[in-house]
Amino acid sequence: METTVGGLSSIDYDQKRNRYFLVCDDRSSINPARFYTAKISIKQNKIDTVLFTNFSYLKDEFGKTYPSTKENPYKTPDPESMRYNPNSKLLVWSSEGENTIRGKDSILINPSVYFVNAAGRFKDSITIPQNLYMSFLEKGPRQNGVLEGMSYADNYKTLMVNVEEPLQEDGPRADLKPNGAIIRFYKFDTQTKKSTNQYAYELSPVAYVPNPINEYKINSVPEFLWIGNNQLLVLERSYSTGRIACSIKIFLADYNQATDIANFSSLKAPAKFQPMKKTLLINLDDLGIYTDNIEGISFGPVLPNGNRSILLVSDNNFSPIQKSQITLLELKTPKS
């Protein structure tokens, strides 16, 4: 069977087999929820070719593919991130869930994290904390702003995930000026599958004024990558109506001195905590290139000069005016 390639919301590198895994955020509307494997050839520090080699449908605990919203909206997933564990040979993927409140037609589906094998078959799941449960009240995750990013950490002993936008009880969404918009990063023990810590991260303001001015705008974290020493490469993506391009920034975030906020019911004042320290590494706007809806970041192979490559992937939303992009960057480490 053939599928429509698009909606690429994450990328992760299997170094041993020199292949990449890319999850698709199609909610089983075009084809059943799925992920792809690809070969990406890098020559002379440039991407030479991208070849999609296979795909697998994601399966539920009963071994069935996931239904579309028309078939069963209470069982439809929203895949957003995927990582590969070379030790267990398993993949882990996140689904954002659903938070649509329309009276008797309301749909609340908690976000989730599942472990599957390379064929997409369900193996296990993670126990999510209470503050990630969807609610009819003004608390919990915002619609379409939930478990967007994910990365293994501590040599695969822990798994970290983040909410894309602030929980409702934690404060406002990012705006055009700094407003203390705070998201949470969650750490899970990969053995117990339970949450151990939570850390705060302050979002930057929305990059551009929307046109018209009162239309949709967002700045959020669609993905991140653990790089060691309790440090992350955090991808912030800003979009404003009136611009097709997104504004993409990559920050170095450090949670060595950050407060564990797992027991904080709210991050609004008078709550006192230390968020992650963040440092801007690159603003892709400064490169003078078109950047689409970039949602994935991964290590790639070691470059000839010994530095590690970083690859980004964009989700084209299956839109004729957007692009699926793969961008190659080089990670330079300071010389001691």
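Look up: the structure comes first, before these words.
Residues numbered from 1 in each chain as written. Predicted model: local features only at pLDDT ≥ 70, side-chain atom pairs only at ≥ 80, totals over all residues. Heavy atoms only, no water.

Peer 1: Can you help me understand the pattern of salt bridges in this one?
Peer 2: If charged atoms from side chains of opposite charge come close, those side chains can pair. In the structure shown here, the tally under the stated rule is 15 salt bridges. Across the pair R173 and E165 runs a salt bridge, and its minimum N-O distance is 2.8 Å. The exposure class of R173 is partly exposed, given its relative accessible area of 30%. Since its relative accessible area comes to 5%, E165 is described here as buried. Salt-bridge contacts for D175 lead to K217; the nearest nitrogen and oxygen are separated by 3.8 Å. In this pair, D175 is assigned in the loop between β12 (158-163) and β13 (182-189) and K217 in strand β15 (residues 217-228), connecting sequence segments 42 residues apart. Look at D175 and you get partly exposed, because its relative accessible area is 33%. Among the charged side chains, a network of salt bridges with common partners joins D12, R83 and E223. (Salt bridge = Lys/Arg side-chain N within 4 Å of Asp/Glu carboxyl O. Buried < 20%, exposed > 50% of the residue type's maximum accessible area, 1.4 Å probe, protein only. Helix = DSSP H or I, 4+ residues; strand = E, 2+ residues; numbered from the N terminus.)

Peer 1: Hey, could you run me through the pairing of strand β17 (residues 247-254) in this one?
Peer 2: One face of the sheet, then the other: side chains in a regular strand alternate in exactly this way. Pairing analysis gives 8 bridges linking strand β16 (residues 231-240) to β17, with the strands arranged antiparallel. Considered in β17, the bridge of L232 is made with A253. The hairpin formed by β16 and β17 contains 6 residues between the paired strands, and G242 there has a positive phi angle of roughly 105°. The pairing of β17 with strand β18 (residues 277-283) spans 6 bridges and is classified as antiparallel. Residue pairing across strands places I250 opposite I282, the latter belonging to β18. (Pairing = 2+ DSSP bridges.)

Peer 1: What am I meant to see in the sheet that holds strand β19 (residues 294-302) here?
Peer 2: In any sheet, the strands associate via hydrogen bonds between backbone groups, in a parallel or an antiparallel arrangement. Read from one edge of the open sheet, 3 strands run β19-β20-β21, paired in antiparallel fashion. What marks the edges here is a single partner per strand, and that holds for β19 and β21 (326-331). Strand-to-strand twist in this sheet, taken as the mean axis angle between neighbours without regard to direction, amounts to 25°. Sheet topology note: the β19/strand β20 (residues 308-314) ladder contains 6 bridges and is antiparallel. Bridge pairing in β20 links I297 to L312. (Axes fitted to C-alpha atoms, helices over the stretch in contact; angles between N-to-C directions.)

Peer 1: It is not clear to me how empty space enclosed by the protein should be interpreted in this structure. Could you clarify?
Peer 2: A water-sized probe, rolled over the atoms, reveals where empty space remains. Using the criterion set out here, one finds 1 cavity of 30 Å³ or more in the structure. Lining the largest cavity, in full, are S204, P205, A207, N219, E236, S238, S247 and K249. Listed by contribution, the elements that provide at least two residues to the lining of the largest cavity are β16 and β17. Tallied by class, the residues present in the lining of the largest cavity amount to 2 nonpolar, 4 polar and 2 charged. (1 Å grid on protein atoms, 1.4 Å probe; cavity = no way out; pocket = protein on both sides within 12 Å on 5 of 7 lines; lining within 4 Å. Points joined across faces, edges and corners; volume = space filled by probe spheres on them. Nonpolar A, V, L, I, M, F, W, Y, C, P; charged D, E, K, R; others polar.)

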